[in-house]
Amino acid sequence: MAIPYNRKTSAINEKTNKVLGVNLDDARISKSYLSVAFIALLLGGLLGLLQGLNRAGVLELPVWLNYYQVLTAHGLLLVVVMSAFLTIGYFYAGLSHTLGGLLPKVRKIAWTGFWMKIFGFVLVVIPILMNEASVMYTFYPPMAAHPLFYFGLVFIVLGVWALSIGAFINVAHWRKNHKGQHLPILAFFATGVFVLLVGATAFVAVEVLFMIIPWTLGWVDTINVMVARTLFWAFGHTAVNIWYLTAVSAWYVIIPKVIGGFRWNDYLTRVVVIALVIMNITGGFHHQIIDPGISLPIKFMHVFMSLAIGFPSLMTAYAMFRVFERTGRRKGGKGALGWFKKLPWGDVRFLAPFIAMAAFIPAGAGGIVQSTNQLDQVVHNTMWVVGHFHLTLGMTVVMTFFGISYWLVPHLSQRVLTPAMNKLGVVQTVIWTIGMIIMSFSMHTAGLFGSPRRTSFTTYGDFSATLGWDPYMAAVGIGATLLLIAVILQVYAVFNMMFFAPKGETEFPIAEVEPGETPTPYMTERWGVWVVVMLVVIAMAYVLPLTDMIVNAPPGSPPFKTW
Amino acid sequence: MTQFIYGLLLYIFLMLPPVADLVESIMITHMHMQMPLLVISGMLMGGILKSRFPRFFEKWNSNGIPGITLFMIIVIYWTIPRTMDEALTLQSVEIWKFISLPFLAGIPLRDSWKKLSEAGKNIIIIIFTIKYFGMGALYIWTPDQLCNNYLLIDQLTLGWGFVTTAICLVIYLVYTYTVDPSEYE
Ligand code: HEM
Ligand SMILES: [Cu+2]
């Protein structure tokens with residue numbers, strides 16, 4: 001059944017939001033999340049610089065803050081704290097804006113979740129600082145950290161669940177009051193993201209609660225390492241895909257408005273979201289291509305699943321360039337590529353996410369390399385992989401978030417983006433781009449030559465073959481330095497826009513669909529059905545390997561402190 | 001027409017010897033991947049038949065019950081351990097599998113599902129839920145090897161596959177029972 005399109009409702013919402021402006025209570029929530037995120041970026045970036053300089057061979061870290069402590073904190077700060085807080089801050093702002101404000105009850109839930117996450121994070125940080133938890137952000141058993149570390153993780157997960165429940169309540173409430181209408185597109189993305197967050201964290205919760213905590217407390221003697229790794233990657237893989245999906249939401253919904261165009265086909269956009277939600281979690285197995293104990297046919301089928309996730313990504317690439325082309329042509333761009341020049345290159349709200357998208361081309365290609373068993377044999381656990389995820393996360397995701405910050409922060413703070421700040425943003429974008437290209441290119445190359453990841457500086461006794469890596473590792477140090485400059489500019493920009501920029505109204509840019517588009521079938525809104533389909537896919541993918549790992553398990557491993 | 005082509009491509013893909021060998025080499029993918037995909041290929045191909053021969057379907061399957069009964073018979077038949085074993089040993093049974101699942105289960109399912117009432121649909125799902133729990137229990141608890149071609153561990157895995165699928169069906173039933181779509185749609 002098709003429902004006449006929701007342009008009318010978004011018009012009404014827009015009107016109410018224009019009259020009332022941003023809801024200040026809701027804005028405070030989002031601003032808190034964004035503040036934590038950018039502080040995490042600053043700290044994480046600083047640690048990243050320490051790592052980069054260490055690996056370049058110019059900085060020896062002191063015993064009270066060794067390389068692996070730094071690396072654990074860097075990974076957690078950026079991939080768990082910063083990304084999650086940005087995603088939540090952004091989507092809660094989106095829910096407030098498109099659903100006509102958060103419910104008071106949801107606001108309370110959001111604050112509870114916020115403090116649970118912060119509390120959890122404090123518990124995690126203490127043992128890291130004491131050098132009792134240098135297990136990296138993947139905390140693979142049999143390496144065992146101080147139990148406090150894992151209790152902290154539990155609170156972080158509980159916080160995520162609180163926020164997801166809050167989002168679901170608000171969405172359900174809106175739908176009850178807007179029978180038969182499609183959820184506004186940004187709220188639709190938010191729903192998908194929170195569904196995935198619950199799904200992903202469920203796996204890590206099982207790993208931590210039922211396997212690791214009893215084991216580090218000494219209630220059980222051994223742990224099944226393969227099962228733990230499998231549960232971890234169901235989470236870890238999905239988490240980074242959630243950050244990616246968040247960035248994608250801005251590409252579909254926000255960027256077209258920023259460049260003055262319409263967004264891509266509503267129906268297909270929603271199909272992309274649903275496909276990414278259903279197929280995502282099972283992709284976790286591609287992080288275990290080199291793991292023993294998973295039979296070849298299973299690995300083969302999972303490669304198939306991973307590449308299937310590539311399909312919606314290709315649709316996204318197509319969609320974006322179509323939107324750009326249409327908009328450029330409407331603005332008078334002529335010829336095959338004339339439209340390209342008509343895009344607002346001087347606008348940081350466009351420039352940063354555009355470079356982010358462009359970075360996904362090599363990043364996605366690298367991902368396909370890593371999904372291929374034979375090629376992964378060469379690059380697995382080398383610096384190549386680190387180069388890869390600094391492209392995907394460090395460029396594609398993070399630069400989109402940076403682009404978002406230049407309108408979202410002023411919008412929430414009732415301030416404006418000044419031309420000077422825009423210029424600073426452009427400079428920041430350029431520095432970050434150059435730094436990341438240098439760093440990730442040299443990481444990829446050093447990795448191809450065999451330089452392992454997660455290894456503090458060493459010349460391997462001046463062994464000749466490994467000395468060839470050093471020039472590339474020096475380049476990593478140079479890239480890292482540029483990146484930290486960009487981090488400082490970005491964090492300065494965010495807090496300046498939050499507290500000091502001139503007062504004024506900044507719009508929350510949400511693009512409309514093209515006039516005359518065929519209405520979207522109502523089917524897309526049946527989230528209950530999509531969740532069940534997702535669960536069936538997960539069941540099918542996990543039952544086989546997990547049964548095998550549990551039934552044919554080795555004796556298991558006691559905890560080790562390897563550092 | 002495009003649906004028909006996708007269905008046909010899927011059907012041919014499943015028939016390719018390496019694909020068939022791979023999925024049939026593991027018990028759970030044989031039953032929970034190859035067989036449902038065969039049904040789906042039939043559903044995709046069925047649309048064109050429905051539009052070509054509307055009278056036939058109207059005459060024989062006006063309320064959906066004959067079609068869904070045929071579907072149930074075929075599907076239940078293929079969850080019997082013995083039939084899977086035979087498909088691996090006898091070429092003729094393998095061919096029968098590739099014909100019966102798409103054409104005698106997929107097509108009737110497509111034609112019947114929309115014709116059933118809400119209650120009818122839920123009854124079918126409940127039947128499958130019970131059956132899946134039962135099959136799960138059977139495969140998990142029997143100490144004997146039920147198929148000549150598959151090991152005990154394969155059997156156990158399939159058992160858990162049935163149980164997890166049944167749990168998903170229960171979640172779906174709870175969802176349809178507790179969430180009233182008329183509040184939202
Ligand atoms: C200032 C910018 C950054 C610099 C200089 C930097 C540098 C580095 C370096 C040198 C490593 C260590 C490689 C190794 O020894 O294995 C690393 C690891 C890592 N980085 Fe970054 N990075 C930056 C930003 C980011 C961002 C924005 C993210 C994600 C959003 C990120 C996520 C990670 C992760 C997940 C690891 C892996 C940690 C591990 O292996 O346990 N980094 N980074
Ligand atoms: Cu992954």
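Keep in mind the model is a prediction, meaning the values are calculated, not measured.

Engineer: Explain the overall build of chain A here, please?
Structural biologist: Counting secondary structure elements, chain A contains 18 helices and zero strands. Its C-alpha atoms give chain A a radius of gyration of 23 Å, within 12% of the compact-globule value 24 Å for 563 residues. Overall size of chain A, expressed as C-alpha extent along the three principal axes, is 65 × 50 × 45 Å. Within chain A, the proportion of its 563 residues that are buried is 60%. In chain A, the share of contacts with a sequence separation of at least 24, taken over all contacts with a separation of at least 6, comes to 85%.

Engineer: Quick question: what am I supposed to make of the overall build of chain B here?
Structural biologist: For chain B, the helix and strand inventory stands at nine helices and zero strands. If you list the helices and strands of chain B from N to C, you get α-α-α-α-α-α-α-α-α. Against the globule reference of 16 Å for 185 residues, chain B gives a C-alpha radius of gyration of 17 Å, in line with a compact fold. Considering only C-alpha atoms, chain B reaches an extent of 45 × 40 × 25 Å along its principal axes. Buried positions account for 45% of the 185 residues belonging to chain B. As displayed, chain B has an accessible area near 9800 Å², and 72% of this comes from carbon and sulfur atoms. With 11 positive and 13 negative side-chain charges, chain B shows a separation of 13 Å between the mean positions of the two kinds.

Engineer: I tried to follow the environment of T269(A) on my own but got confused; where do I start?
Structural biologist: Residue and element names in this part refer to chain A. One can find T269 in helix α9 (residues 266-279). T269 sits in the buried class, given a relative accessible area of 1%. Between the C-alpha atoms of T269 and F188, which are 81 residues apart in sequence, the distance is 9.9 Å. Leaving out residues up to four positions away in the same chain, T269 has contacts with I185, F189, Y252 and W264.

Engineer: Any chance you could explain the coordination of the iron atom of ligand 1 here in plain terms?
Structural biologist: In ideal tetrahedral geometry, four donors around a metal make angles of 109.5 degrees, whereas ideal octahedral geometry with six donors gives angles of 90 or 180 degrees. All names here are of chain A. Those protein atoms acting as donors to the iron atom of ligand 1 are H74 (NE2) and H390 (NE2), and they sit at 2.0 Å. Metal-centred angles of 86 to 179 degrees between the six donor atoms at the iron atom of ligand 1 mark the site as octahedral. Separated by 316 residues along the polypeptide, H74 in helix α3 (residues 67-98) and H390 in helix α14 (residues 383-413) bring together distant segments of the chain. The pair formed by H74 and H390 is uniform in burial state, with each residue classed as buried.

Engineer: Can you help me understand the interface of chain B and chain A in this one?
Structural biologist: Size of an interface, as often reported, equals the accessible area lost when the parts are brought together. In this complex, chain B contributes 23 residues to the contact, which on the side of chain A involves 26 residues. The tally of links between chain B and chain A comes to zero salt bridges. For the pair chain B and chain A, the interface holds zero residue pairs in polar contact (both at pLDDT 80 or more). Going through the elements one at a time, α2 (17-24), α3 (27-52) and α9 (152-178) of chain B are the ones with two or more residues in the side of chain B that touches chain A. Element by element, the count of residues in the side of chain B that touches chain A is highest for α9(B), at eleven residues.

Engineer: Sorry if this is basic, but what is going on with the coordination of the copper ion (ligand 2) here?
Structural biologist: For the copper ion (ligand 2), the full set of protein donor atoms is H237(A) (ND1), H286(A) (NE2) and H287(A) (NE2), at a range of 2.0 to 2.1 Å. Between the donor residues of the copper ion (ligand 2), the gaps in sequence give the motif H-x48-H-H.

Engineer: Looking at this model, I keep getting lost on the site of ligand 1. Mind explaining?
Structural biologist: Residue and element names in this part refer to chain A. Taken together, 27 residues sit near ligand 1, with R55, Y67, H74, H390 and R454 positioned nearest. Separating an oxygen atom of ligand 1 from a backbone N or O atom of R454 is a distance of 2.5 Å. Of all the elements in the fold, those that place two or more residues in the shell around ligand 1 are α2 (24-56), α3, α14, α15 (419-449) and α17 (470-499). Along the lines of polarity and charge, the residues of the shell around ligand 1 split into 17 nonpolar, seven polar and three charged.

Engineer: Looking at this structure, how should I read the packing of α3(A) against α14(A)?
Structural biologist: When two helices pack together, their arrangement is captured by the angle between the axes and the distance separating the axes. All names here are of chain A. The N-to-C vectors of α3 and α14 enclose an angle of 40 degrees; their axes lie 11 Å apart at closest approach. Judged by the inter-axis angle, α3 sits oblique to α14. Classified by chirality, the crossing of α14 by α3 is left-handed. Contact residues: α3 offers H74, V79, M82, S83, L86, T87, Y90, A93 and H97, while α14 offers H390, L393, V398, F401, I404, W407, L408, H411 and L412.

Engineer: Please explain the packing of aromatic side chains as it appears in this structure.
Structural biologist: We describe a pair of aromatic rings using the distance from one ring centre to the other and the angle between the two ring planes. Following the criterion strictly, the structure yields 53 aromatic pairs over all chains and no others. Seen from their ring centres, F340(A) and F354(A) are 6.1 Å apart, and the 70 degrees between their planes marks the pair as edge-to-face. In this pair, F340(A) is assigned in helix α11 (residues 338-341) and F354(A) in helix α12 (residues 348-371), connecting sequence segments 14 residues apart. Exposure remark for F340(A): the relative accessible area of 31% places this residue in the partly exposed category. Where Y139(B) meets F162(B), the ring centres are 5.8 Å apart and the plane angle is 5 degrees; that geometry is what we call stacked. Residue Y139(B) is found in helix α8 (residues 118-141), and its partner F162(B) is found in helix α9; the two are separated by 23 residues along the sequence. The same class applies to Y139(B) as to F162(B), namely buried. Through successive ring pairs, a cluster of aromatic residues spans Y137(A), F139(A), Y140(A), F149(A), Y150(A), F232(A), W233(A) and F235(A). The aromatic ring of Y140(A) is capped on one face by R229(A), whose charged end is 4.2 Å from the ring centroid. Positioned above the aromatic ring of F188(A) is the side chain of R270(A), whose terminal nitrogen or guanidinium carbon lies 4.8 Å from the ring centre.

Engineer: Sorry if this is basic, but what is going on with the side chain of R415(A) here?
Structural biologist: All names here are of chain A. Within the secondary structure, R415 is located in the loop between α14 and α15. One buried charged residue, R415, forms no salt bridge at all, with the nearest opposite charge on E505 at 11 Å. Apart from residues lying up to four places away in sequence, R415 is in contact with P410, M497, M498, F499, F500, A501, P502, K503, G504, E505 and T506.

Engineer: Before we go on, may I ask you to explain a nonpolar patch on the surface in this structure?
Structural biologist: Judged by side-chain polarity, F304(A), L8(B), I12(B), F13(B), M15(B) and L16(B) come together as a nonpolar surface patch covering roughly 540 Å² of accessible area. When residues of the nonpolar patch are assigned to their parent elements, the largest contribution, four residues, is made by helix α1 (residues 2-15) of chain B. Looking at the secondary structure, you find L8(B) in helix α1.

Engineer: Hey, could you run me through the side chain of E207(A) in this one?
Structural biologist: Residues and elements named next belong to chain A. Residue position: E207 is located in helix α6 (residues 185-216). With no salt bridge to any partner, buried E207 finds its closest opposite charge in R229, at an N-O distance of 9.0 Å. Discounting residues that sit within four places of it in the chain, E207 has contacts with F139, P141, I212, A228, L231 and F232.

Criteria and thresholds
Residues numbered from 1 in each chain as written. Chains lettered and ligands numbered in written order. Predicted model: local features only at pLDDT ≥ 70, side-chain atom pairs only at ≥ 80, totals over all residues. Heavy atoms only, no water. Helix = DSSP H or I, 4+ residues; strand = E, 2+ residues; numbered from the N terminus. Rg over C-alpha atoms; globule rule 2.2 N^0.38 Å. Buried < 20%, exposed > 50% of the residue type's maximum accessible area, 1.4 Å probe, protein only. Contact = heavy atoms within 4.5 Å. Areas by Shrake-Rupley, 256 points an atom, 1.4 Å probe, with all protein chains shown as cover. Lys, Arg positive; Asp, Glu negative; His and termini not counted. Charge placed at Lys NZ, Arg CZ, Asp CG, Glu CD. Donors = N, O, S within 2.8 Å, 3.2 Å for Na, K, Ca; no water. Tetrahedral: all angles 85-135°; square planar, octahedral: opposite > 155°, others 65-115°. Salt bridge = Lys/Arg side-chain N within 4 Å of Asp/Glu carboxyl O. Polar contact = N/O pair within 3.5 Å; in protein donor to acceptor, adjacent residues only side chain to side chain. Near = heavy atom within 4 Å. Nonpolar A, V, L, I, M, F, W, Y, C, P; charged D, E, K, R; others polar. Axes fitted to C-alpha atoms, helices over the stretch in contact; angles between N-to-C directions. Parallel < 35°, antiparallel > 145°, perpendicular 65-115°, else oblique. Left-handed = near helix turned anticlockwise from the far one by under 90°. Phe/Tyr/Trp six-rings, centres within 6.5 Å; stacked < 30°, edge-to-face > 60°. Lys NZ or Arg CZ within 6 Å of the ring centre and 35° of its normal. Patch = residues over 30% accessible without salt bridge, like charges linked within 9 Å, V, L, I, M, F, W, Y side chains within 5 Å.

Read these as spatial facts, not as claims about activity.
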